[in-house]
Amino acid sequence: MNTQILKPTRLNYQKAANQIKQGNLIGMPTETVYGLAANALDYLAIERIFVAKNRPQDNPLIVHVSPEYDLRQLVTSITPLAQKLIQAFTPGPITLVLESKQTVSNRVSCGLNSIAIRIPNHPIAQEFLRACNLPIAAPSANLSTRMSATTAQSVKEELNGKLKYILDGGVCEIGVESTVVDVRGEVPIILRPGKITSEMIQKVAENVQDKSIVKEGEKVLSPGQKYKHYAPSCPVYLFQEKNIDACIEHYKNNTKKSVILCLEHQAKYFSNQNHRIIGKTIEDYAKNLYQSLREAEKEFFAIYLLSVPASGFGTALMNRLQKIAGNNQF
Ligand code: TXA
Ligand code: MG
């Protein structure tokens, strides 16, 4: 099977929805990253996601629905806290964890009694969800441990032959995955930082707890937290801007063909080092990060990245940069 990229026409939404109804997988754009979609009610279809991605068996999936969908079909109750965050941030780059009614396949949440729900704010995602008229489970459309895909072409390179169609939604606007928040109790618990920041949630909920960093010995609340993530095929080194001299020194001593990815204002540090400007702002950095890594891994044997201040949206970006670099942080 050769995977085809489809333009978002009425006919193509139908073609994609038919694939879903037959238990097959579809590449779906969202405002964060592309998703690998399947019918959340169909056990075998969900199993295909796990196989296609080589995803760990205990890492649950997010269920996507259109803004009109009645969430009470999926959850036992929409808590007052959930209500507030739905009102403030959906449709948008946020995923809410609630108590599951167990109407979707038990494979979706990997046996947990909760369910993660997202209402994407992307016109093509919404049209596709309406055409399916089903709850759609979709992890990011990449092989497990690899970075998410932010273009239809990257989904194709990553998963070619494992799905018939990818709906083309262009480049994803945000570039990092949604904020995951547990809203079952009275205080929102952030399990994965994203574009909807802790500060934004605090304003609406008056309180917030950040459990996206799991310290040694602590219980993992979201299985996705414990796995290697977002990594290209070559080593990545992450330097704080204040350690720029060490970065240049490391680069000089590295005999491999390497590249430094930096923001525009940081280019001044690099005169004789091969560097590429990834954008001007933290938003540009996030939007271009995965695609830049995908391009760089084809050409280079080591990639250098620079840290950003971990506040606001920078928290989400730093979370990804730290996972990408693993132990190579200076
Ligand atoms: O932006 C996004 O969220 C993208 C697009 C496609 O919507 N999706 C995405 O899915 O990033 P994935 O599978 O790569 O990440 C899902 C995260 C994982 O960390 C998983 O552990 C967590 O959500 N998760 C899913 N269900 C959960 C649950 N019931 N309780 C706690 N965490 C859950
Ligand atoms: Mg993922």
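That block above? That's the structure.
Described in the following lines is the structure provided in the data block. (Residues numbered from 1 in each chain as written. Chains lettered and ligands numbered in written order. Predicted model: local features only at pLDDT ≥ 70, side-chain atom pairs only at ≥ 80, totals over all residues. Heavy atoms only, no water.)

1. Observations regarding the packing of aromatic side chains
For any pair of aromatic rings, the description consists of the separation of the ring centres together with the inter-plane angle of the planes. Going by this rule: Planes of paired rings set the category: under 30 degrees apart is stacked, over 60 is edge-to-face and the rest tilted, where pairs are Phe, Tyr or Trp rings (Trp by its six-membered ring) whose centres lie within 6.5 Å. Only DSSP runs of H or I covering at least 4 residues are called helices, and only runs of E covering at least 2 are called strands; the numbering of each starts at the N terminus. Only protein chains enter the accessibility calculation, which uses a 1.4 Å probe; a residue is then buried when its area is under 20% of its type maximum, exposed when over 50%, and partly exposed in between. Whether a charge sits over a ring comes down to the Lys NZ or Arg CZ being within 6 Å of the ring centre and within 35 degrees of the ring normal.
Scanning the model with the defined rule gives six aromatic pairs in all. Ring geometry for F239 and F330: centres 4.8 Å apart, planes at 25°, overall stacked. Taken together, the residues F239 in strand β12 (residues 236–239) and F330 in the segment after α9 (314–325) connect sequence positions 91 residues apart. Exposure remark for F330: the relative accessible area of 38% places this residue in the partly exposed category. Note on Y269 and F270: the rings are 6.2 Å apart at their centroids and 75° apart in plane angle, and the pair reads as edge-to-face. One aromatic cluster in this structure is built from Y237, F239, Y251, Y304 and F330. Over the aromatic face of F300 sits the side chain of K257, whose NZ or CZ is 5.4 Å from the ring centroid.

2. A look at α9
Put simply, the test is: One less than the number of residues in a helix, times 1.5 Å, gives the span that helix is expected to have. Here a residue-residue contact requires only that any non-hydrogen atoms of the pair lie within 4.5 Å.
Spanning 12 residues, α9 covers 16 Å between terminal C-alpha atoms, matching the ideal 16 Å at 1.5 Å per step. Where burial is concerned, most of α9 is hidden: nine out of the 12 residues are buried. Turning to α9, the residues buried within the fold contact β10 (189–192), β12, α8 (282–299) and β15 (302–306). Once α9 finishes, G326 follows within two positions and takes phi at roughly 60°, a positive value.

3. Some details on the pairing of β12
The criterion, for reference: Strands qualify as paired when DSSP identifies two bridges or more between them.
Neither face of β12 is left uncovered, since the one carrying V236 and L238 and the one carrying Y237 and F239 both have all their residues buried. Across four bridges, the pairing between β12 and β15 is parallel. From the neighbouring strand, V236 faces β15, where its bridge partner is I303.

4. Some details on unusual backbone geometry
Cis geometry marks the peptide bond from T90 to P91, where omega comes out at -5°. Of note, P91 is situated in the loop between α3 (80–89) and β5 (94–99). Of note in the backbone geometry, N133 takes a positive phi value of approximately 55° without being a glycine. Along the chain, N133 turns up in the loop between α4 (123–132) and β7 (136–137). Residue N133 is classed as exposed on the basis of its relative accessible area of 62%. Residues other than glycine seldom take positive phi values, yet T145 does so here, at roughly 80°. Looking at the secondary structure, you find T145 in the loop between β7 and α5 (152–159).

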